[in-house]
Amino acid sequence: MKKQFLMGLAVVAAASMLCGFDSAETLDSLSEKMAAADVDLKSMSMNMDLNLDAALNMSDGTNTTNMPITTAGSMQIDYTLDPIAMKMDGSFDVAALSEGQTTPVESYMTTGEDGTMTIYVKDPTSGAWAAQSDSSGINIKELMDSATGQALSFSELAEWGLNFELAPEAADVDGTECYLLSGKIDSTTLNTILQKASETTGQDLTADENVSMVLSLLDGIVLNIEYYIDASTYLPAKMHMDLNGSDLGMISSLVNQMVAGASAEGAASTTVELVLNDCTIDTTMAYNGVDEIVIPDEVLAAPNADVDVSSIADVAVEAE
């Protein structure tokens, strides 16, 4: 009996060693294991931290004025998948020209028996709650159930211009071994996405003047992404995104054109430079730790307005 017990311990120990970082893992094999792990999710918690350190430098050729702009925010977001519900709680500190303001953020989301979604938002000034229900008839539960385990693989993402690289060594996230995937989204990526979307829809999205204008403004902007996958569960443990290293020349150029157009004839010309010192978002994730999201009675009693979310795109088109 003792020998069998020791043999059992040896088997468990060997199995546990197989559930860690594997240098032979590839993007494709990682995609399959991540999709399988996603099927067992019941709840998720995310902690998101945002930091922005930027400035506007304005010069009339003689004097230069520096206007710093900073934002720091932290959000805690909890989800349950059966029933589908969400709670978000946090705050943002925004400062410009040495004047700061803290804005609290609090909201809830629930789904009814028919799968329709209702969002509750708290006014940061008055403290009053307001509700908005989706009247489009979309069943959110059926939509999410159909999407479970159906995420695009990294190979498929590459076809859309989203290329990731898998680091050869394990990364540490608060003592947890993780696979590290890194990638970036830039104007080239966005062009590829638009071309693929055009092929799918049969409509040339790149021919739209508004789309072309936005793409030109984003030329030089680079979103860097680091994605950490738990080596034992194959679930995302952390994500880091930043815009650091981006070239804001095109945006600064547009601002200068607007300033020049608004200046009175004969007034001294002013040039504006947008400087980005730091812009980062860090998100950590935990799973199956939220049993229930309880919404207070005062929130549930908030006045409600039906909103058809499926018509938002139509409204935007009509507004043009």
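Counting restarts for each chain: residues are numbered from 1 in the order of the written sequence. With the structure being a predicted model, the display of local features is reserved for residues of pLDDT at least 70 and the display and counting of side-chain atom pairs for 80 or more, all residues being used for whole-chain, interface and lining totals. Each side-chain value is worked out from all heavy atoms of the structure, with water and hydrogens disregarded.

Considerations on the overall build of the protein
So, step 1. Where helices and strands are cited, they refer to DSSP runs of H or I of at least four residues and of E of at least two residues respectively, numbered from the N terminus. The helix and strand inventory of the protein stands at 9 helices and 13 strands.
So, step 2. In the protein, which comprises 320 residues, the share counted as buried stands at 29%.
So, step 3. By element, 56% of the accessible surface of the protein is carried by carbon and sulfur atoms, the whole surface being about 19,700 Å². The rule is simple: take the accessible area with a 1.4 Å probe, protein chains only, and divide by the maximum for that residue type; under 20% is buried, over 50% is exposed, in between is partly exposed. Throughout, the Shrake-Rupley method with a 1.4 Å probe supplies accessible areas, and for residues the shown protein chains are the sole cover considered.

Here we look at helix α5 (residues 187-201)
So, step 1. If you check α5, its first and last C-alpha atoms are 21 Å apart, about what 15 residues at 1.5 Å a residue would give, namely 21 Å.
So, step 2. Within α5 the residues assigned to the buried category are S187, T189, L194, A197 and S198.
So, step 3. Each element contacted by the buried residues of α5 is listed here: β9 (176-185) and α6 (209-217).
So, step 4. Under this definition, polar contacts are N or O atom pairs within 3.5 Å; protein pairs additionally need one hydrogen-donor-capable and one acceptor-capable atom, and for neighbouring residues in sequence, both atoms have to be side-chain atoms. The N-capping residue of α5, defined by a side-chain oxygen 3.2 Å from the backbone nitrogen of T188, is D186.
So, step 5. Once α5 ends, the next one or two residues include G202, with phi positive near 80°. Take the residue count of a helix, subtract one, and multiply by 1.5 Å to get its expected span. Throughout, a contact is declared for two residues whenever any of their heavy atoms are within 4.5 Å.

A few points about the nonpolar core
So, step 1. Put simply, a nonpolar core is a bunch of buried Ala, Val, Leu, Ile, Met, Phe, Trp, Tyr and Cys residues held in one set by side-chain atoms that sit within 4.5 Å of each other. One finds M34, F164 and L181 to be the most contacted residues of the largest nonpolar core, which totals 17 residues.
So, step 2. Those elements that provide at least two residues to this core are α2 (27-38), α4 (154-159), β9 and β10 (223-230).
So, step 3. Residues in contact with L181, not counting those within four places in the same chain, are L27, L30, F154, F164, E165, L166, I225, E226, Y227 and I229.

Points about the environment of Y79
So, step 1. Here Y79 is to be found in strand β2 (residues 64-81).
So, step 2. For Y79 and S43, which are 36 residues apart along the polypeptide, the C-alpha to C-alpha distance reads 5.4 Å.

Details of the pairing of strand β4 (residues 99-111)
So, step 1. As judged from the 12 bridges shared by strand β3 (residues 84-96) and β4, these two strands associate in the antiparallel manner. For M86, the partnering residue across the bridge sits in β4 and is M109.
So, step 2. Two strands pair when backbone bridges link them, and β4 and strand β5 (residues 117-122) are joined in this way by 5 bridges, in the antiparallel orientation. Looking at the pairing, M109 lines up with I119 of β5. Strand pairing is assigned whenever DSSP detects at least two bridges linking the two strands.

A look at the packing of aromatic side chains
So, step 1. Each Phe, Tyr or Trp ring (for Trp, its six-membered ring) is paired with any other whose centre lies within 6.5 Å, and the angle between the two planes then decides the class: stacked below 30 degrees, edge-to-face above 60, tilted in between. In total, this model carries 3 aromatic pairs according to the counting rule given.
So, step 2. A centroid spacing of 5.7 Å and a plane angle of 45° characterise the contact between Y108 and W129, whose relative ring orientation is tilted. Of the two residues, Y108 is situated in strand β4 and W129 in strand β6 (residues 129-134); the sequence distance between them amounts to 21 residues. Per residue, the accessibility class of Y108 equals that of W129, and both read buried.
So, step 3. Note on F154 and F164: the rings are 5.6 Å apart at their centroids and 65° apart in plane angle, and the pair reads as edge-to-face. One end of the pair, F154, is in helix α4; the other, F164, is in strand β7 (residues 164-166), with 10 residues separating them in the sequence.
So, step 4. We call a charge positioned over a ring when the NZ of a Lys or the CZ of an Arg lies within 6 Å of the ring centre and within 35 degrees of the ring normal. Taking NZ or CZ as reference, K238 lies 5.6 Å from the ring centre of Y228, over its face.

So, the pattern of salt bridges
Oppositely charged side chains can pair when the atoms bearing their charge come close.
So, step 1. Think of a salt bridge as a Lys or Arg side-chain nitrogen and an Asp or Glu carboxyl oxygen that are within 4 Å of each other. Enumeration over the complete set of coordinates arrives at 3 salt bridges.
So, step 2. The salt bridge involving K33 is made with E25; its shortest N-O contact spans 3.2 Å.
So, step 3. By relative accessible area, K33 is classed as partly exposed at 34%.
So, step 4. Taking relative accessible area as the criterion, E25 reaches 7% and is therefore assigned buried.
So, step 5. Across the pair K122 and E106 runs a salt bridge whose closest N-O atoms are separated by 3.8 Å. Note that K122 is positioned in strand β5 and E106 in strand β4, a separation of 16 residues in sequence.

Some points on the environment of K33
So, step 1. Mapped onto the elements of the fold, K33 is located in helix α2.
So, step 2. Those residues within four positions of K33 in sequence are excluded, and the remaining contacts are E25 and Y234.

Comments concerning the side chain of T189
So, step 1. Position of T189 relative to the elements: it lies in helix α5.
So, step 2. Judged by relative accessible area, T189 falls into the buried class, the value being 5%.
So, step 3. Ignoring any residue separated from it by four or fewer positions in sequence, one finds T189 in contact with W160, G161, L162 and K184.

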